[in-house]
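# Observations on chain architecture
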Amino acid sequence: MADPLYELLVPYFDTPSPRPVPTSDDPTTNAYLNRLTALPLSSLTSTEPQSLSQTTHSLLLSLQSLSKRSHKSIIDSSTHLSTLSTTLPTLAQSTASLRDALPKLDDAAIHFSETYNTRAENALLDRRRKALLLSRNIDRLADILDLPTLLSSAISTSNTASASAATSGASSNATLNYASALDLNAHIKRLHGLYPESPLISSVEKQAGEAMQDMATNLIASLKTNSLKLASAMRTISWLRRVVPELDPTPSSSNIASTMNPIERAGGGGGGSKEGSLGSLFLVCRLANLQQMLGALEPLRELADQETLRLQESKSDKTESGKERSKWEGGQQTERYLKRYIEIFREQSFAIISMYRSIFPPTTNAHEESLLKGMGRAPAEEDPLMPLPSALGTFPLTLVGMLEETLRKYLPNVRDRSSRDSLLTQVLYCAGSLGRLGGDFSMILAVLNEPKDTEEENEDSEEWVEVIRKHRVLAGRLELMVGSRES
C-alpha cells in the first residue's frame, strides 16, 4: 500500500533540492507513509499541512540553536572531513612503512642484546660499571681525598698551637692535633697496605708522606725552642719515633714501645746507642739553641772585643803611662760578658744533659731480650760493631771546649783580682753542676792561666789553686749548714 502512495507523491517532490530524494526503502519514509494511510481524508487537507509546518519550524529552530551552539565543532568536523581523503592514504603508507621496518627493529634489538649482554666482556659496559661504582662511592672517595688536607691542617694547627704554647705554657691543643695527625697517617698507611695497586691511594699516601715530612720539620724545630720542658721534649721524641722511625733503629721500636712505660718508650732499647740518631738529633738541636742564646750576647761580646784591642794596644805601647797602670785595672765590659755567658752556659748545659738522660735512660739488654721473648721473637744476633758509643759521651767535651775557648780569649782582659776570682768561682760552680751528671771540668782552671810575662808567672800560676781552695772551703761550710739543718 505504501509503494503506490510513494509513486503518487514522487512527482510532487522539490525538483531543485540539496537533499537527495528519499527512497521507498527508507524506514522514515515508510513510517510516514503508513501514518498517512491511517489518517482520514479530512485530516489530510486540514490538520496535516499545519502539523508539517509546525514540525518544519521546530526543526528549523533546533537547527539554528544547534548551529549557534556548536558551530565551531561543526566547522572543524567539516574541515577534518575534507582532509580525510588525503589523510587516510598517508596513514596507510606510514603503516606499511612501519610494517616493513619491524624486521629491521627486531634484528637491531637482537644485536643490542647480544652485544651489551652483562655476561659478555665489553669496554663500554666496563666503563659504565666503573661510573656507577664511582657514583655510589663518591662520598667515600671524597673522604679519602680529604685525608691529606685534614693531615696538613692538623699539622699546621699543631705548629701554631706549639708556638702559642711557648708563651702561654698550654700545649694540650698541640698534643691533640699531633696525635690526630699520627692517627690519620696510620690510617692512610693501612689503606695503602690494603690497596697497594690503587693509584688514588698511592697518591694520597705520597701527599701524606710530604705532610709528615713537614711535621718532622716542625717537631725538630720545636726541639730548638727556648722554653722546652722535659714533658714536651719526651712527647716530641715519642712523636719523632713514629714519624721518622728510621732515626730509631732499635729492633723493638715499633712493637716493644707499646709494652714499655713512658720513660722507657721515650728512651728506646738498652745499651749505650739504643737512642739511635734521635739522641744526636736532640743534642744538636739543644746545642743550636744554646748557641742562639749565647749569640744574643753579641753587644756585650763586641764591647769585650774592644777591650781586647785596647789591651793589645796597651801592651804594644811602652809609654810610661802604660807602665804605671796597674795590671788589675780594666776589663769591666769583659767581666759583664763572661758572667752572663757562664750563667747561661751553666743553666743550659745542665738542662740539656739532665733532659737527655731522662729521655734516653740506659736500659739493660736483659730487659729487651725478655720483651722479645714475651712477644715470641728471638733476639737479633749481636753485631761486632755494635753498640756504638752514645752521643752523650762526647757532648760534654764539646760544651767544655766552647767554654774553654771563650775563657781563653776573654779572661785575660779582666785585670781586677776580685773580678777574676768571682768569674773563676762561677766557673767552678758550673763545673760542679755538670759534675752531678758526670761532667766535672774544674781542673780546666789549671790550663787557663798561661802567662806570657815572667813578672806575672808566679802569681798567675797559683791563682787557680787559691780559687779552688776557697771554693772547697765554701762548699764544705754549705754542706755543714745543710747537714745541721737536716739533723
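## Regarding the overall build of the chain
From N to C terminus, the chain includes 21 helices and 0 strands. The burial tally for the chain puts 30% of its 487 residues in the buried class. Contacts in the chain between residues at least 24 apart in sequence constitute 76% of all its contacts with a sequence separation of at least 6. Taken as a whole, the chain presents about 31,600 Å² of accessible surface, with 57% of it coming from carbon and sulfur.

## Focus on the packing of helix α12 (residues 276-295) against helix α17 (residues 395-410)
Interhelical geometry of α12 versus α17 gives an angle of 10 degrees and a closest axis separation of 12 Å. Taken as axis vectors, α12 and α17 run roughly parallel relative to one another. The two elements α12 and α17 cross, and the hand of that crossing is right-handed. Residues Leu283, Leu287, Leu290, Gln291 and Leu294 of α12 form the contact with α17, whose own contacting residues are Phe395, Thr398, Leu399 and Met402. Within the contact of α12 with α17, the residues separate by chemical class into 7 nonpolar, 2 polar and no charged.

## Digging into the nonpolar core
Core analysis: the largest hydrophobic core is formed by 70 residues, its most contacted members being Leu151, Met215, Phe282, Leu290 and Phe441. It is helix α15 (residues 332-359) that contributes the most residues to this core, 11 residues altogether. In this view, Leu151 contacts Ala181, Leu184, Asn185, Ile188, Ala208, Ala211 and Met212; residues no more than four positions away in its chain are not counted.

## Digging into the pattern of salt bridges
Using the criterion set out here, one finds 8 salt bridges in the structure. Arg35 is the salt-bridge partner of Glu48, the closest N and O atoms lying 3.0 Å from each other. Highlighted residues: Glu48 in helix α4 (residues 47-69) and Arg35 in helix α2 (residues 27-38), separated in sequence by 13 residues. Of the residues examined, Glu48 reaches a relative accessible area of 6% and is grouped as buried. Between Glu335 and Lys339 there is a salt bridge, with its nearest N and O atoms 3.3 Å apart.

## Some words on the packing of aromatic side chains
The final tally for this structure, using the stated rule, is 6 aromatic pairs. Where Phe282 meets Tyr356, the ring centres are 6.3 Å apart and the plane angle is 35 degrees; that geometry is what we call tilted. You can see Phe282 sitting in helix α12 and its partner Tyr356 sitting in helix α15, a full 74 residues away along the chain. One exposure class covers both Phe282 and Tyr356, and it is buried. Among the aromatic residues, those joined into a ring-pair cluster are Phe282, Tyr356 and Phe360.

## Observations concerning the side chain of Ser433
By the secondary structure assignment, Ser433 is in helix α18 (residues 417-435). The exposure class assigned to Ser433 is buried, which follows from its relative accessible area of 11%. Apart from the residues within four sequence positions on either side, Ser433 is in contact with Arg346 and Phe350.

## Considering a negative patch on the surface
A surface patch of like charges, here negative, comprises Asp3, Glu7, Asp25 and Asp26. Here Asp3 is to be found in helix α1 (residues 2-9). When its relative accessible area of 48% is taken as the criterion, Asp3 is described as partly exposed.

## Thoughts on helix α10 (residues 230-243)
Here α10 contains 14 residues, and its C-alpha end-to-end distance of 20 Å stays within 8% of the 20 Å for a straight helix at 1.5 Å per residue. Among all positions of α10, only Ser232, Ala233, Met234, Thr236, Ile237, Trp239, Leu240, Arg241 and Val243 are buried.

## Here we look at the environment of Tyr341
Residue position: Tyr341 is located in helix α15. Placed 46 residues apart in sequence, Tyr341 and Gly295 show a C-alpha to C-alpha distance of 9.6 Å. If near-sequence neighbours (up to four positions away) are discounted, Tyr341 is found in contact with Leu294, Leu297, Met402, Leu403 and Thr406.

## Description of a nonpolar patch on the surface
Together, Leu81, Leu84, Leu88 and Leu91 give the surface a local cluster of nonpolar side chains, amounting to about 390 Å² of exposed area. With respect to the element layout, Leu81 can be found in helix α5 (residues 71-115). For Leu81, a relative accessible area of 60% translates into the label exposed.

## Overview of the packing of α15 against α18
Between α15 and α18, whose axes approach to 9 Å, the crossing angle comes to 5 degrees. In terms of their interaxial angle, α15 and α18 are classed as roughly parallel. Side by side, α15 and α18 meet where Glu335, Leu338, Lys339, Ile342, Glu343, Phe345, Arg346, Ser349, Phe350 and Ile353 of the first sit next to Ser419, Ser422, Leu423, Gln426, Val427, Tyr429, Cys430, Ser433 and Leu434 of the second.

## Observations concerning the confidence of the model for the chain
Mean pLDDT over the chain works out to 77, with 72% of the residues at or above the 70 mark. The lowest-confidence element of the chain is helix α11 (residues 262-267), averaging 36 in pLDDT; the highest-confidence one is helix α9 (residues 199-222), averaging 91. Below a pLDDT of 50 lies the segment residues 251-273, which in the model reaches 56 contacts outside its immediate sequence neighbourhood of four places, other chains included. Note that residues 318-328 has pLDDT below 50 and, in this model, 11 contacts with residues that lie over four places away or in other chains.

Reading guide: rules and limits
Residues numbered from 1 in each chain as written. Predicted model: local features only at pLDDT ≥ 70, side-chain atom pairs only at ≥ 80, totals over all residues. Heavy atoms only, no water. Helix = DSSP H or I, 4+ residues; strand = E, 2+ residues; numbered from the N terminus. Buried < 20%, exposed > 50% of the residue type's maximum accessible area, 1.4 Å probe, protein only. Contact = heavy atoms within 4.5 Å. Areas by Shrake-Rupley, 256 points an atom, 1.4 Å probe, with all protein chains shown as cover. Axes fitted to C-alpha atoms, helices over the stretch in contact; angles between N-to-C directions. Parallel < 35°, antiparallel > 145°, perpendicular 65-115°, else oblique. Left-handed = near helix turned anticlockwise from the far one by under 90°. Nonpolar A, V, L, I, M, F, W, Y, C, P; charged D, E, K, R; others polar. Core = buried A, V, L, I, M, F, W, Y, C linked by side-chain atoms within 4.5 Å. Salt bridge = Lys/Arg side-chain N within 4 Å of Asp/Glu carboxyl O. Phe/Tyr/Trp six-rings, centres within 6.5 Å; stacked < 30°, edge-to-face > 60°. Patch = residues over 30% accessible without salt bridge, like charges linked within 9 Å, V, L, I, M, F, W, Y side chains within 5 Å. Lys, Arg positive; Asp, Glu negative; His and termini not counted. Charge placed at Lys NZ, Arg CZ, Asp CG, Glu CD. Expected span 1.5 Å × (residues − 1). pLDDT = per-residue confidence, 0-100.

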